[in-house]
Amino acid sequence: MNIIRKNIPNSLTCLNILSGCVAIVFAFHPTESFGSMSGWQWACLAIGIAAIADFSDGFMARLLKAYSDLGKQLDSLSDLVSFGVAPAMLLMNLAGEFPQIPLWVRWAALLIPICGALRLARFNIDPRQTDGFIGLPIPANAIFWIGWAALATSGWQAAVNPWILLTAIILESLLMTSNIRLFSLKFKNFGWAGNQLRWVLILASLLLIIFWGLQAFCPIIFIYIILSVYPRGS
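Let me begin by describing the structure that accompanies this report. (Residues numbered from 1 in each chain as written. Predicted model: local features only at pLDDT ≥ 70, side-chain atom pairs only at ≥ 80, totals over all residues. Heavy atoms only, no water.)

**Some words on the environment of L171**
As for its position among the elements, L171 is in helix 7 (residues 162-176). Overall, the relative accessible area of 43% leaves L171 in the partly exposed class. In this structure the C-alpha to C-alpha distance between L171 and I143, which are 28 residues apart in sequence, comes to 15 Å. (Helix = DSSP H or I, 4+ residues; strand = E, 2+ residues; numbered from the N terminus. Buried < 20%, exposed > 50% of the residue type's maximum accessible area, 1.4 Å probe, protein only.)

**Section: the layout of surface pockets**
By volume, the second largest pocket amounts to about 310 Å³. Lining the second largest pocket are 18 residues; nearest its centre among them are F144, L151, W156, C218 and F222. Within the residue set of the lining of the second largest pocket, elements represented by two or more residues are helix 6 (138-153), helix 7 and helix 9 (217-233). The leading source of residues in the lining of the second largest pocket is helix 7, at six residues. Its residues assigned to classes, the lining of the second largest pocket shows 15 nonpolar, two polar and one charged. (1 Å grid on protein atoms, 1.4 Å probe; cavity = no way out; pocket = protein on both sides within 12 Å on 5 of 7 lines; lining within 4 Å. Points joined across faces, edges and corners; volume = space filled by probe spheres on them. Nonpolar A, V, L, I, M, F, W, Y, C, P; charged D, E, K, R; others polar.)

**Observations regarding the nonpolar core**
Across soluble globular proteins, nonpolar side chains have a tendency to be buried as a group. Counting 61 residues, the largest nonpolar core has L91, L136, W145, W148 and L165 as its most contacted members. Looking at this core, the element that brings in the most residues is helix 6, giving 11 residues. (Core = buried A, V, L, I, M, F, W, Y, C linked by side-chain atoms within 4.5 Å.)

**Re the packing of aromatic side chains**
Evaluated as defined, the whole model comprises eight aromatic pairs. Each ring, one from F26 and one from F34, has its centre 5.1 Å from the other, and the planes form 80 degrees; the classification is edge-to-face. Residue classification places F34 among the partly exposed residues on the basis of a relative accessible area of 28%. Their ring planes at 40 degrees and their centres at 6.3 Å tell us that F123 and F133 sit as a pair that is tilted. Note that F123 is positioned in helix 5 (residues 111-125) and F133 in strand 3 (residues 132-134), a separation of 10 residues in sequence. With relative accessibility at 29%, the residue F123 sits in the partly exposed group. Among the aromatic residues, those joined into a cluster by ring pairs are F144, W145, W148 and F222. (Phe/Tyr/Trp six-rings, centres within 6.5 Å; stacked < 30°, edge-to-face > 60°.)

**Overview of helix 6**
The end-to-end C-alpha distance of helix 6 is 23 Å, a good match for the 22 Å that 16 residues give at a rise of 1.5 Å each. G155 lies just past helix 6 and shows a positive phi near 95 degrees. (Expected span 1.5 Å × (residues − 1).)

**Notes on the packing of helix 3 (residues 69-95) against helix 5**
At a minimum axis separation of 9 Å, helix 3 and helix 5 run at an interaxial angle of 160 degrees. Here helix 3 is positioned roughly antiparallel relative to helix 5, judged by the angle of their axes. Judged by the twist between their axes, the crossing of helix 3 over helix 5 is right-handed. In this structure, helix 3 contributes K72, Q73, S76, D79, L80, G84, V85, A88 and L91 to the contact, and helix 5 contributes I112, P113, G116, A117, L120 and N124. In the contact of helix 3 with helix 5, the residues fall into eight nonpolar, five polar and two charged. (Axes fitted to C-alpha atoms, helices over the stretch in contact; angles between N-to-C directions. Parallel < 35°, antiparallel > 145°, perpendicular 65-115°, else oblique. Left-handed = near helix turned anticlockwise from the far one by under 90°. Contact = heavy atoms within 4.5 Å.)

**Side note on helix 5**
Because each turn of an α-helix spans 3.6 residues, side chains separated by three or four positions end up pointing in the same direction. Between its terminal C-alpha atoms helix 5 stretches 22 Å, which fits the 21 Å expected from 15 residues at 1.5 Å a residue. Taken together, the buried positions of helix 5 are I112, P113, C115, G116, R119, L120 and N124. Those residues of helix 5 hidden inside the fold are in contact with helix 3, strand 3, helix 6 and helix 7.

**Observations concerning the packing of helix 5 against helix 6**
Two elements in contact, helix 5 and helix 6, have axes whose closest approach is 10 Å; the angle formed by their N-to-C orientations is 155 degrees. For the element pair helix 5 / helix 6, the angle class is roughly antiparallel. In contact with I112, G116, R119 and L120 of helix 5, helix 6 contributes I138, N141 and W145. Here the residues of the contact of helix 5 with helix 6 are counted per class, giving four nonpolar, two polar and one charged.

Below, the structure written as structure tokens:
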């Protein structure tokens with residue numbers, strides 16, 4: 001039983017990387033129909049499952065006191081696939097469905113996994129990131145690109161403007177490797193005191209998702225960054 005308990009978090013982490021691989025497969029068929037959804041929607045769903053598994057493995061590790069160096073490294077490798085490579089492949093292939101987006105802009109999407117890898121490597125050796133983050137967390141990067149996919153397929157022209165898209169790719173990549181401090185969504189308790197920013201972000205996100213669906217994921221990331229930076233600059 002002790003062996004099973006210790007491997008529950010790692011099993012969830014393996015679900016993370018499996019979901020990321022599934023997302024990559026669907027990302028190469030963004031507009032094809034697979035049952036009731038298209039390839040890009042399945043890719044987003046798989047990334048979402050990976051995000052749930054990513055949250056759950058840490059929660060279970062804390063609950064079961066099943067921490068390990070192996071789990072830490074496995075988590076980072078999985079995150080790179082699910083939240084770095086998968087959204088980059090989704091971006092590259094979905095952007096190919098819009099003739100106004102040149103090939104070189106699509107290839108710029110490879111900056112995302114490169115900067116994601118740098119961000120994760122730094123996280124693993126940086127003791128300052130126990131209660132918060134330095135640089136945009138790579139799952140937040142994936143959430144942003146899910147939002148972009150929803151905006152692009154909804155007909156919002158700004159989302160498929162090549163210069164705006166290129167700017168977003170560069171900005172998201174640089175944010176992951178930046179020194180900007182962002183708060184963590186981990187709750188030590190569920191009271192308002194000390195969790196104001198977390199509750200504001202959660203409530204704002206719920207409202208935006210109710211009205212805009214997946215398209216809300218882009219502004220949610222901007223709100224997260226603003227909430228993190230503003231108190232420190234005031």
